[in-house]
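# Fold and geometry: a report
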Amino acid sequence: MIVSMAEILRDAKRGHYGVAAPNVFDSITVKACFETADRLRAPVILDCAGLPFLEETACLARFYERKYPNVKAALNLDHGGSYEEIVSAIRFGFSSVMIDRSTCPYEENVREVKEIVKIAHALGVSVEAELGHVGQGFEYDKTRDAGLTDPEEALRYVEETGVDCLAVAVGTSHGAYKGTPHLEFELLKELSGKISAPLVLHGGSGTGDANLKKAVECGIQKVNLFTDLSNAGLKSLLDYMGIDWDSRKQDGSKGEFANMKANLCDAGLEAGKGYAGLLAHYATLFGGAGRG
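Residues numbered from 1 in each chain as written. Predicted model: local features only at pLDDT ≥ 70, side-chain atom pairs only at ≥ 80, totals over all residues. Heavy atoms only, no water.

### Some thoughts on the packing of helix H2 (residues 27-40) against helix H3 (residues 51-67)
Rule in force here: Lines are fitted to the C-alpha atoms to define the axes, a helix being fitted only along its stretch in contact, and any angle between axes, read from their N-to-C directions, falls within 0 to 180 degrees. The helix and strand labels rest on DSSP assignments: H or I over at least four residues marks a helix, E over at least two residues marks a strand, and numbering proceeds from the N terminus. Throughout, a crossing is termed right-handed when the near helix is turned clockwise from the far one, and left-handed when it is turned anticlockwise from it by less than a right angle. Contacts are residue-level and defined by heavy atoms, with any inter-residue pair within 4.5 Å sufficient.
One can describe the packing of H2 onto H3 by two numbers: an axis separation of 10 Å at closest approach and a directional angle of 35°. The element H2 and its partner H3 pack so that their crossing is right-handed. Packed against H2, whose contacting residues are Ser-27, Val-30, Lys-31 and Phe-34, the element H3 presents Thr-57, Leu-60, Ala-61, Tyr-64 and Glu-65 at the interface.

### Topic: the sheet that holds strand E5 (residues 126-131)
Note the following rule: Criterion used throughout: strands pair if DSSP finds at least two bridges between them.
Ordered by their spatial adjacency, eight strands build an open sheet running E1-E8-E7-E6-E5-E4-E3-E2, and the pairing between neighbours is parallel. Among the strands making up the open sheet, the edge pair consists of strand E1 (19-22) and strand E2 (44-48). Averaged over neighbouring strand pairs, the angle between their axes works out to 25° when direction is ignored. Pairing of strand E7 (residues 199-201) with strand E8 (residues 220-225), which is carried by three bridges, proceeds in the parallel orientation. Within the sheet, the bridge partner assigned to Leu-201 lies in E8 and is Val-223. Contacts from helix H4 (residues 83-92) reach strand E3 (73-80) and strand E4 (96-99), with the element oriented near 170° to E3.

### Focus on the nonpolar core
Just so we agree on the cut-off: Nonpolar cores were defined as sets of buried Ala, Val, Leu, Ile, Met, Phe, Trp, Tyr and Cys residues, with membership established by side-chain atoms within 4.5 Å. Residue burial is assigned from relative accessible area. The probe radius is 1.4 Å, only protein chains are included, and a residue is buried under 20% of its type maximum, exposed over 50%, and partly exposed in between.
Among the nonpolar cores identified, the biggest contains 67 residues, and Leu-46, Val-97, Leu-166 and Phe-286 are the most heavily contacted of them. Each residue touching Leu-166, except ones within four places of it in the same chain, is listed here: Ala-129, Glu-130, Leu-131, Ala-154, Tyr-157, Val-158, Ile-195, Pro-198, Leu-199 and Val-200. Membership of the second largest hydrophobic core comes to 13 residues, among which are Ile-8, Ala-12, Ile-45 and Ala-167.

### A word on the pattern of salt bridges
Basically, it comes down to this: Salt bridges are defined by distance alone: a side-chain nitrogen of Lys or Arg within 4 Å of a carboxyl oxygen of Asp or Glu.
Evaluation of the coordinates by the stated rule reveals 14 salt bridges. Among the ionic pairs, Lys-273 bridges to Glu-270, the shortest N-O distance being 2.9 Å. With a gap of three residues between them, Lys-273 and Glu-270 both fall in helix H11 (residues 264-285), about one helical turn apart. Of the residues examined, Lys-273 reaches a relative accessible area of 52% and is grouped as exposed. Several salt bridges converge on common partners, so that one network encompasses Glu-7, Asp-11, Arg-14 and Lys-72.

### Quick notes on empty space enclosed by the protein
Rules: Method remark: on a 1 Å grid restricted to protein atoms, a set of points is classed as a cavity if a 1.4 Å probe fits but cannot get out and as a pocket if it is open with protein on both sides within 12 Å along at least five of seven lines; lining residues have an atom within 4 Å of a point. Grid points are joined across faces, edges and corners, and a volume is the space filled by probe spheres set on the points.
Throughout the structure, instances matching the rule amount to one cavity of 30 Å³ or more. Taken as a whole, the largest cavity spans an internal volume of roughly 50 Å³. If you go around the largest cavity, the residues you meet are Ala-20, Cys-33, Thr-36, Ala-37, Leu-40, Ala-42, Pro-43, Val-44, Leu-279 and Ala-283. Looking at the lining of the largest cavity, the element that brings in the most residues is H2, giving four residues.

### What about helix H8 (residues 185-194)?
We apply this condition: What the arc measures is the spread of directions leading from the helix axis to the C-beta atoms.
The complete set of buried residues in H8 reads Phe-185, Leu-187, Leu-188, Leu-191 and Ser-192. Around the axis of H8, the buried residues are gathered within 155° of arc, so they sit on the same side. Opposite its buried face, H8 presents the exposed residues Glu-186 and Gly-193, each directed more than 90 degrees away. Where H8 is buried, its residues meet helix H1 (5-15), helix H7 (151-161), strand E6 (165-168), E7, helix H9 (209-217) and E8.

So this is what it looks like as structure tokens:
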């Protein structure tokens, strides 16, 4: 069942656990999320970024929602940019949207987020926003400290905007890190203590199990993941393709694909196994297994 992300994260905050939020973009990734969530009885948040993927991903999510009726999932626009993109996600059936104005001046951030909150809440859609700024891992050594979230400003921001959850900058970065990730756990504890809204950690990949587990213990309810899951899928795919090509068994009696040395359909399914396997690891690490 696809529900508001606010509902999932309120439960997580009350239960003191985190929810995995993998990026999805096709049938393999969406299916992997629903299958994993169903097997673990864990809630899951499907993050999808970018207009090219929104309508198709929404249709896929609704398809697998019917296949796995016991799964509690949210479908969230990740890093929503233009007004048109955010409204399109709502129109396509997303149950949550993120509006990212983290690089804007505070007043502009508040003004634009409030406008989206008013529209989204009228339609039962929850809203995520970001204060502070989570940068890119390749420039981690230069930007890590530049955008850390200020607790007092964050408290005022949540009150002024009415957002359902807040992405905070506490030392993570998007993508692969240049250098060793170092999280500000005391800052995170302070943010969690001051702010009643659930907190979101962007840049979960590459941060390390110990750091992520501690982040959840210190007050994070949603952990965004993509690079790690993508790499796990690629590794699974490469393992599938890493064979003695000439000795690949061919059997024409078992259908169209059986007489091929390899095929894209099976290759995609193998990639999905790697993606799903690591997603299961994170869902369990964050304490979400059995919470669905």
